[in-house]
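Tertiary structure, described
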Amino acid sequence: MTVYFIGAGPGDPELLTKKAERIIGQCPVCLYAGSLVPAEVVAGAPEGALVMDTAPMTLEDTHAVILDSHTKGLDVARVHSGDPSLYGAIAEQIRKLRADGIDYQIIPGVPAYAAAAAALGQELTVPEIAQSIVLTRVSMKSTSMPEGETLENFARTGATLAIHLGIRNLREIHRILAPYYGDDCPVVVAYRVGWPDQMFIRGTLADIHAKVRAEKITRTALIMVGKVLGEITDFKDSALYDPVMPHVLRPKVAAKA
């Protein structure tokens, strides 16, 4: 048997990859993170499949189900939100699978920051404005951050930040980032991207906390910070389609006489 770690995307069932949809549809056991993955995502599980919401379960609980499935020779779809390589807590699951000699595969999914950018209708890497995106989080009550991976260190680069698990820490985020980005730096809080009740709150580092508090949002939100999130019209075209910048698939266009 095989355990398939499947990225379900941020919430919209139509953002499942064809491969993810196919594997969910053929696995007799399906474990999904119900607090972050809509039931519609796993609705395609085969008739009679064991479908379990792992939100109230521990690592040992889910692994026990996998061990039982392994004994019975049943493939398992382990469905996570977004892309499982980002804050998916799959490393600890994989460690147990390897210890027990159980095969696994990872099926990538659409990460929240990409779905948010699509919903906002914009590119995150605009020439000479922003060319880097830092995916990070704040510690709060969760696992501590490695030494050096601090918001302050990332802020020194001026890169666009996609901050996970920080919606209850907006005051501290403002305090740390304002000296580098300025109080007026654009911020977007993307709440439940891809769900029917998704919401995007635009503001600045200075006022985003008040706006989020007014909407009573306390979880399931991504904080995006950077100049690229503002209303930008004055920027240079990329070299990708510039006729005077040839590349291997497009020869240089001769100048007109």
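Residues numbered from 1 in each chain as written. Predicted model: local features only at pLDDT ≥ 70, side-chain atom pairs only at ≥ 80, totals over all residues. Heavy atoms only, no water.

The name that an unreviewed UniProt entry assigns to the protein is Precorrin-4 C(11)-methyltransferase, with the source organism given as Roseovarius mucosus. The record in UniProt for the protein states the following under Sequence similarities (unreviewed entry): "Belongs to the precorrin methyltransferase family." (UniProt positions renumbered as here; feature names shortened; annotations may be inferred.)

**Focus on the environment of alanine 43**
Considering the arrangement of structural elements, one finds alanine 43 in the loop between strand S2 (29-32) and strand S3 (50-53). The class of alanine 43 is exposed, set by a relative accessible area of 62%. Along the backbone, alanine 43 and proline 13 are 30 residues apart, and their C-alpha atoms lie at a distance of 9.5 Å. (Helix = DSSP H or I, 4+ residues; strand = E, 2+ residues; numbered from the N terminus. Buried < 20%, exposed > 50% of the residue type's maximum accessible area, 1.4 Å probe, protein only.)

**A look at the domain arrangement of the protein**
Once the domains are mapped, the protein shows domain 1 (1-105) and domain 2 (111-227). Using C-alpha coordinates to define each centre, domain 1 is positioned 28 Å away from domain 2. For the pairing of domain 1 and domain 2, the buried interface totals around 920 Å² over both sides, and the portion due to carbon and sulfur atoms is 71%. Its largest share of buried area at the contact with domain 2, domain 1 owes to Pro10, Leu86 and Tyr87, together 56% of the area lost on that side. Remark: the boundary between domain 1 and domain 2 carries zero salt bridges. At the boundary of domain 1 and domain 2, one finds three residue pairs in polar contact (both at pLDDT 80 or more). A class-by-class count of the residues in the side of domain 1 that touches domain 2 yields seven nonpolar, three polar and two charged. (Domains from an automatic or database assignment. Buried area = accessible area lost by both parts, 1.4 Å probe. Salt bridge = Lys/Arg side-chain N within 4 Å of Asp/Glu carboxyl O. Polar contact = N/O pair within 3.5 Å; in protein donor to acceptor, adjacent residues only side chain to side chain. Nonpolar A, V, L, I, M, F, W, Y, C, P; charged D, E, K, R; others polar.)

**So, the nonpolar core**
The biggest cluster of nonpolar side chains holds 26 residues, and the ones touching the most others in it are Leu161, Ile163, Leu177, Ile223 and Val225. At the level of elements, helix H5 (151-155), strand S7 (160-164), helix H6 (170-181), strand S8 (186-191), helix H7 (208-214) and strand S10 (221-225) are the ones that each hand at least two residues to this core. Element by element, the count of residues in this core is highest for H6, at five residues. When neighbours within four sequence positions are excluded, isoleucine 223 is seen to be in contact with Leu161, Ala162, Ile163, Gly166, Ile167, Leu170, Ile173, Val187, Val188 and Val189. The next biggest cluster of nonpolar side chains, apart from the first, holds 17 residues, and it includes Ala8, Cys30, Val42 and Ala77. (Core = buried A, V, L, I, M, F, W, Y, C linked by side-chain atoms within 4.5 Å. Contact = heavy atoms within 4.5 Å.)

**What to know about the sheet that holds S7**
Strand order in the open sheet formed by five strands is S6-S7-S10-S8-S9, with mixed pairing between adjacent strands. Edge positions in the open sheet fall to strand S6 (133-137) and strand S9 (199-204), since each of these has one partner strand only. Put simply, the sheet's adjacent strands are angled 20° from each other on average, direction ignored. In the sheet, S7 pairs with S10 via three bridges, with the strands oriented antiparallel. (Pairing = 2+ DSSP bridges. Axes fitted to C-alpha atoms, helices over the stretch in contact; angles between N-to-C directions.)

**Quick notes on empty space enclosed by the protein**
Empty space among the atoms becomes visible once a probe the size of a water molecule is rolled across them. For the structure shown, the criterion picks out two cavities of 30 Å³ or more. The calculated volume of the largest cavity comes to roughly 40 Å³. Contributing to the lining of the largest cavity are Phe5, Leu59, Thr62, His63, Ile66, Gln93 and Leu97. Every element with two or more residues in the lining of the largest cavity is listed here: helix H2 (59-72) and helix H3 (91-99). Top element by residues in the lining of the largest cavity is H2. It accounts for four residues. Of the residues belonging to the lining of the largest cavity, the class tally is four nonpolar, three polar and no charged. Roughly 30 Å³ of internal volume is contained in the second largest cavity. (1 Å grid on protein atoms, 1.4 Å probe; cavity = no way out; pocket = protein on both sides within 12 Å on 5 of 7 lines; lining within 4 Å. Points joined across faces, edges and corners; volume = space filled by probe spheres on them.)

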